[in-house]
Amino acid sequence: MEKGTPQQADGREPDRVGTIVLSRRLVSVNSASSVVNRLLNVTVLFWLFQYLVNRLPTEEFAIYPVVMAVMVVAPLFFSLFTGGMARFLIDAYARSDFDAVRGVVSSVLPVLIGAVALFWMVGLTFALNVETVLKIPAGSEVEARAMMALLVLTYGIRMLVSPFTLGFQIRQSYVELNILEIGRELLRISVLTLFFLLAGPAVVWVVVATAISELALSAVAVWRSRRLVPELTFDRAFASFAVARRLTSFGIWTSLGQLGGIMYTNAATLILNLHGTPMDVTCFFLGATLYRQTELLIITAIGPLLPVVTALNATGDRVRLATTVLRGGRYALWASMLIATPAIIFSDIFVGLYIGDEYGEAAIVIILFMSIFPVNQATALLAMTALATARVRAFYLPAFIAQAVGLSIMLALASWYGAGAIGMAAALALVTVSSQLLYFWWLNLRLIGTGFGAFLTGTLVPGLVPAIVGAGVWIGMRLLVTIDSWVELFACGAVGAVAFGLAILAFGLEPSARTRLLARAAASMRWMRHDTTGGKTVPDGSLR
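Residues numbered from 1 in each chain as written. Predicted model: local features only at pLDDT ≥ 70, side-chain atom pairs only at ≥ 80, totals over all residues. Heavy atoms only, no water.

**A few points about the nonpolar core**
Step number 1: Membership of the largest hydrophobic core comes to 152 residues, with the highest contact counts inside it found for Phe 284 and Phe 369.
Step number 2: If one sorts the elements of this core by residue count, helix H21 (residues 421-448) sits on top with 12 residues. (Core = buried A, V, L, I, M, F, W, Y, C linked by side-chain atoms within 4.5 Å. Buried < 20%, exposed > 50% of the residue type's maximum accessible area, 1.4 Å probe, protein only. Helix = DSSP H or I, 4+ residues; strand = E, 2+ residues; numbered from the N terminus.)

Here you go:
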């Protein structure tokens, strides 16, 4: 067995596709560590949000979401050059074509150097004149310029080193990557606390602490990633214009997807900055942040499946590809609805406890955003599948068109009818749900070569039944219990979560998965009683 390769629970070598290991245990551990990392990130973000909102004027705090909304242009621009990088590197590594790995890195790096130089020139010019483009409160111009300049410089450096940091994804060392990212969060918290204690609360310190922690992570990640995959190196002999052109062509479509994401939530923040009030910006930002962080949690959890899906497609294993995609949608529905369902039911209580009843519109924004999850998370692996199967045009072009329609609706509502945060959220929810039902569900089935019946029985029904059961319990708690504190809110949430989990066990899991889970639970109970006679742990099978 290759050094460093994980074994199954019974000592067998895991299933492989080329040099890519297919192991349910490896994917589960990677996903779990990614979720822990994301939860820590969300916890820090929401603590920070509450801390600053309660200590700064609304006008001053609103600078931060506006500046961050502008910065989403950065991933859009760079996805032109990096959108297909991970996909092509994993595909080459799965086929043991290590020269192709060197070729991808060597071909994309010169392009990235030119792109970063252009990005810095335009970005820093914008930073110096930010108050002429955006509505910045008087007296806050210097802070806004500094925030923009730091964000631009930091992001450019991260993009320059990005080809050398993909060893974690290629070797599926997500646990190690997540440990490094947790270290980044701890460093950010430490630096932020230091600035708050020495200079007082201000939004500019958030950007300063983020820049320091991101640069530290990049330096360590480059060193460790190249130890994992030494082929991630620049060699002029392997540079190819044809490879660079193929990556850029691939990236055009992923850029459209990024643009759709910008229209999805961030453009609304800018529209509200121009046509709304600071209260509108803050209420929308809270609801959009809860939605984005929940979605990022799901993306983070399924991220370790990218090497698996890419390898299955590379070797033509369509049956396991379909099974993996349907199962991934079911799991994504469980994870998202466990958050979205109580968020809808207790939204007004959450907002009141979090930032005060005067931000009541944020509760309606949360409801509108959370109502998207039952529809769009059923196809959670669609973007990943489109990348793996090189069908990016079929996915990203319609996504761009749908979001362009959404942007037009938002502009019309804000300009002609004075719609605020609720109008923006309603437009986004309408466009997203409609596009999923009319197109993306069917594209998902086409890419994996299966029918709606399999989608219904493999994803939708087992994915949504636990949410229905949990909703019944949460609604009952809402009617029977007076909730006046965080402890009471979390207690009610926990009761519904137990019902949600039991519903997954009873109605959501496949029979084989339920058998494995119950067998492991029984084995654990026997171990706790020091009775191991005749008890064998069910081995962890490969992704079949």
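The discussion continues.
**A word on the environment of Leu 305**
Step number 1: On the secondary structure map, Leu 305 appears in the loop between helix H13 (278-302) and helix H14 (306-314).
Step number 2: According to the relative accessible area criterion, Leu 305 is buried, its value standing at 10%.

**Thoughts on the layout of surface pockets**
Step number 1: A volume near 880 Å³ is recorded for the second largest pocket.
Step number 2: Every residue lining the second largest pocket is counted, 26 residues in all, and those nearest its centre are Leu 290, Ile 339, Ala 343, Phe 350 and Phe 490.
Step number 3: Breaking the lining of the second largest pocket down by element, the ones donating at least two residues are helix H1 (24-53), H13, helix H15 (318-345), helix H16 (347-354) and helix H23 (486-508).
Step number 4: The leading source of residues in the lining of the second largest pocket is H1, at seven residues. (1 Å grid on protein atoms, 1.4 Å probe; cavity = no way out; pocket = protein on both sides within 12 Å on 5 of 7 lines; lining within 4 Å. Points joined across faces, edges and corners; volume = space filled by probe spheres on them.)

**Considerations on empty space enclosed by the protein**
Leftover empty space is mapped by rolling, across the atoms, a probe with the size of a water molecule.
Step number 1: For the structure on display, the rule yields three cavities of 30 Å³ or more.
Step number 2: Lining the second largest cavity, in full, are Leu 45, Leu 48, Phe 49, Leu 52, Phe 61, Tyr 64 and Phe 285.
Step number 3: The dominant element in the lining of the second largest cavity, judged by the number of residues it contributes, is H1, at four residues.
Step number 4: Taken together, the residues that form the lining of the second largest cavity break down as seven nonpolar, no polar and no charged. (Nonpolar A, V, L, I, M, F, W, Y, C, P; charged D, E, K, R; others polar.)

**Structural notes on helix H17 (residues 361-370)**
Step number 1: Residues Ala 362, Ala 363, Val 365, Ile 366, Phe 369 and Met 370 constitute the buried set of H17. For H17, the buried positions fall inside an angular range of 160° around the axis, keeping them on one side. (Arc of directions from axis to C-beta.)

**Digging into the pattern of salt bridges**
Step number 1: Tallied over the full model, the rule gives seven salt bridges.
Step number 2: The salt bridge partner of Glu 214 is Arg 158, with a shortest N-O separation of 3.8 Å. Taken together, the residues Glu 214 in helix H11 (residues 203-228) and Arg 158 in helix H8 (residues 141-161) connect sequence positions 56 residues apart.
Step number 3: By relative accessible area, which is 13% here, Glu 214 ends up buried.
Step number 4: With a closest N to O distance of 3.4 Å, Glu 185 and Arg 184 form a salt bridge. (Salt bridge = Lys/Arg side-chain N within 4 Å of Asp/Glu carboxyl O.)

**Regarding a nonpolar patch on the surface**
Step number 1: A surface patch of nonpolar side chains, about 340 Å² in accessible area, is lined by Trp 442, Phe 452, Leu 456 and Val 461.
Step number 2: With three residues, the top contributor of residues to the nonpolar patch is helix H22 (residues 452-480).
Step number 3: Following the sequence through the fold, Trp 442 ends up in helix H21.
Step number 4: Residue Trp 442 is classed as partly exposed on the basis of its relative accessible area of 40%. (Patch = residues over 30% accessible without salt bridge, like charges linked within 9 Å, V, L, I, M, F, W, Y side chains within 5 Å. Areas by Shrake-Rupley, 256 points an atom, 1.4 Å probe, with all protein chains shown as cover.)

**Brief notes about the side chain of Ser 106**
Step number 1: Secondary-structure assignment places Ser 106 in helix H6 (residues 98-128).
Step number 2: Looking at Ser 106, its side chain comes within polar contact range of the main-chain nitrogen of Asp 235, at 2.9 Å. (Polar contact = N/O pair within 3.5 Å; in protein donor to acceptor, adjacent residues only side chain to side chain.)

**Section: the packing of aromatic side chains**
Step number 1: Evaluation of the coordinates by the stated rule reveals 19 aromatic pairs.
Step number 2: Ring geometry for Tyr 331 against Trp 334: centres 5.2 Å apart, planes inclined by 35°, an arrangement best described as tilted. Of this pair, Tyr 331 and Trp 334 both sit in helix H15, three residues apart, which is roughly one turn of the helix.
Step number 3: Residue classification places Tyr 331 among the partly exposed residues on the basis of a relative accessible area of 37%.
Step number 4: Look at Trp 334 and you get buried, because its relative accessible area is 9%.
Step number 5: Cluster of aromatic residues (ring-pair linked, three or more members): Phe 284, Tyr 291, Phe 369 and Phe 373. (Phe/Tyr/Trp six-rings, centres within 6.5 Å; stacked < 30°, edge-to-face > 60°.)

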